[in-house]
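Chain by chain, the residues run as shown.
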Amino acid sequence: MRRLFTGLFGLVFVAGLAVFAYGGWWLHEPLALKIPPGSQVLDLEIEPGTSAQGVAEDAVASGVDVPPLLLYAWFRLSGQARLLKAGSYEVTPGTTPRKLLSMLVRGEESLKSITFVEGWNIRQVLAALQKAEALKPDSVGLSHEAIMTQLGKPGVHPEGRFFPDTYTYSKGASDLAVLKRAARAMDKRLEAAWAQRAPDTPLKTPDEALVLASIVEKETGKPSDRAEIGGVFTNRLRMGMLLQTDPTVIYGLGEKFDGNLRRRDLQADTPYNTYTRAGLPPTPIAMPGKAALLAAVKPASTKAIYFVARGDGTSQFSVTLDEHNRAVNKFQRNK
């Protein structure tokens, strides 16, 4: 009897060693994945509140080709079953059970990104959001006013209120959440720029600085000219001179603008026509970047009140109208 018991114990011991050895080997072996055709990764969505067993079952349902009980057992034996985090994950070929657990514990979600470009207007921002991959289109169908209300800025015009930058997000995130981050970023950048404003600036409020910065952004062809362009418009504001800047007129035309700015457009009075109305337009006309914000509040010291594009991205600056007319003839009319 003792011999039989000893034999059985030995078999159990050997079996235990075999299971242990298999477990150690399995943890470091790539998991088999049933990746959908046309994709290179396996998408795994874990909802908040999902148990460790539920996570194992979701992983298998998503295409991780392993018995869910085995995966669940690994989560439990690791001592980290309660640390698994909800989120959107991408399981790539070569992922081992150990790596999968680490990813779920660390919350290493798969992130997408969207870039808002300096000089874009609100229509371009919303269009980019609609084209963004795996972003929930909560803004679709909402008016501009409704969007700003959702962002906690009721009554604020949306133009220029979002900072141009690259923003990352997890799959299924709301496009309104991305907009809120961009709006907060602009608030911070504008506040920082306003704190650095020149003592003699004619700008009275941060909002006026944002409007001017948007004009500087649209008028700048070469970054090195940006501060001097800010200086030209600052000089004009001090003098009470018309800003006479084409981008504001184009913005006022909206979707009617066909790419060709005509004389009649410059003569047609609208709130954004700086050829017919003095001072700044009522709102920004685009998203200014950090450099444009600084150029608006802390422009270069210059006597120039005119500038014209040279045709190579740079600008020719002039102090007098005669100088400016000569520059226009040279660079625009080839005279």
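First, a word on what this report is: a plain description of the structure on this page. Quick caveat: nothing in here was measured; it's all calculated off a predicted structure. (Residues numbered from 1 in each chain as written. Predicted model: local features only at pLDDT ≥ 70, side-chain atom pairs only at ≥ 80, totals over all residues. Heavy atoms only, no water.)

## Quick look at the overall build of the chain
Of the regular secondary structure elements, the chain holds 13 helices and 8 strands. A compact globule built from 335 residues should have a C-alpha radius of gyration of about 20 Å, whereas the chain, at 31 Å, is more than 25% larger. Each of the 335 residues in the chain was classed as buried or not, and the buried ones make up 40%. Of the contacts made within the chain by residues no fewer than 6 positions apart, 63% connect residues no fewer than 24 positions apart. About 18,700 Å² of surface is accessible on the chain, with carbon and sulfur atoms providing 54% of the total. Here the chain carries 41 positive and 34 negative side-chain charges, and the mean point of each set is 4 Å from the other. (Helix = DSSP H or I, 4+ residues; strand = E, 2+ residues; numbered from the N terminus. Rg over C-alpha atoms; globule rule 2.2 N^0.38 Å. Buried < 20%, exposed > 50% of the residue type's maximum accessible area, 1.4 Å probe, protein only. Contact = heavy atoms within 4.5 Å. Areas by Shrake-Rupley, 256 points an atom, 1.4 Å probe, with all protein chains shown as cover. Lys, Arg positive; Asp, Glu negative; His and termini not counted. Charge placed at Lys NZ, Arg CZ, Asp CG, Glu CD.)

## Focus: empty space enclosed by the protein
A water-sized probe, rolled over the atoms, reveals where empty space remains. Under the criterion given, the structure shown has 1 cavity of 30 Å³ or more. Put simply, the largest cavity is a space of about 30 Å³. Forming the walls of the largest cavity are Val-249, Gly-252, Leu-253, Asp-265, Ala-268 and Thr-270. A total of 3 residues in the lining of the largest cavity trace back to one element, the largest contributor, which is helix H10 (residues 246-253). Considered class by class, the residues forming the lining of the largest cavity number 3 nonpolar, 2 polar and 1 charged. (1 Å grid on protein atoms, 1.4 Å probe; cavity = no way out; pocket = protein on both sides within 12 Å on 5 of 7 lines; lining within 4 Å. Points joined across faces, edges and corners; volume = space filled by probe spheres on them. Nonpolar A, V, L, I, M, F, W, Y, C, P; charged D, E, K, R; others polar.)

## Remarks on the packing of helix H7 (residues 175-195) against helix H8 (residues 206-219)
Across the interface, H7 lies against H8 with an axial gap of 10 Å and an inter-helix angle of 100°. Judged on the interaxial angle alone, H8 and H7 are roughly perpendicular. Of H8, the residues touching H7 (which contributes Met-186, Leu-190 and Trp-194) are Pro-206, Ala-209 and Leu-210. (Axes fitted to C-alpha atoms, helices over the stretch in contact; angles between N-to-C directions. Parallel < 35°, antiparallel > 145°, perpendicular 65-115°, else oblique.)

## A short note on the nonpolar core
Counting 50 residues, the largest nonpolar core has Ile-114, Phe-116, Leu-129, Phe-162, Val-178, Leu-179 and Phe-233 as the members making the most contacts within it. If you list the elements that add at least two residues to this core, you get helix H5 (122-131), helix H6 (144-150), strand E5 (166-170), H7, H8, helix H9 (226-239) and helix H12 (290-297). In terms of residues, this core owes the most to one element, H7, which gives 9 residues. Every residue in contact with Phe-233, bar those within four places of it in the chain, is listed here: Leu-212, Ile-215, Val-216, Glu-219, Leu-243, Thr-245 and Phe-307. Counting 26 residues, the second-largest nonpolar core is a separate cluster that includes Ala-56, Val-66, Leu-84 and Val-91. (Core = buried A, V, L, I, M, F, W, Y, C linked by side-chain atoms within 4.5 Å.)

## Re the pattern of salt bridges
For the coordinates displayed, the defined rule picks out 12 salt bridges. Lys-153 is the partner of Asp-187 in a salt bridge, and the nearest nitrogen-oxygen pair spans 2.9 Å. You can see Asp-187 sitting in helix H7 and its partner Lys-153 sitting in the loop between H6 and E5, a full 34 residues away along the chain. Arg-161 is the salt-bridge partner of Asp-207, the closest N and O atoms lying 3.3 Å from each other. Pair noted here: Asp-207 is in helix H8 and Arg-161 is in the loop between H6 and E5, with a separation of 46 residues, a long-range link. Accessibility expressed as a relative area gives 40% for Asp-207, which makes it partly exposed. (Salt bridge = Lys/Arg side-chain N within 4 Å of Asp/Glu carboxyl O.)

## Section: unusual backbone geometry
Not every positive phi belongs to a glycine, and Ala-134 is a case in point at roughly 60°. Within the secondary structure, Ala-134 is located in the loop between H5 and strand E4 (135-136). Owing to a relative accessible area of 33%, Ala-134 belongs among the partly exposed residues under this scheme. Phi angles above zero are rare outside glycine, and Gln-244 is one such case at about 45°. Along the polypeptide, Gln-244 turns up in the loop between H9 and H10. We classify Gln-244 as partly exposed; its relative accessible area is 35%.

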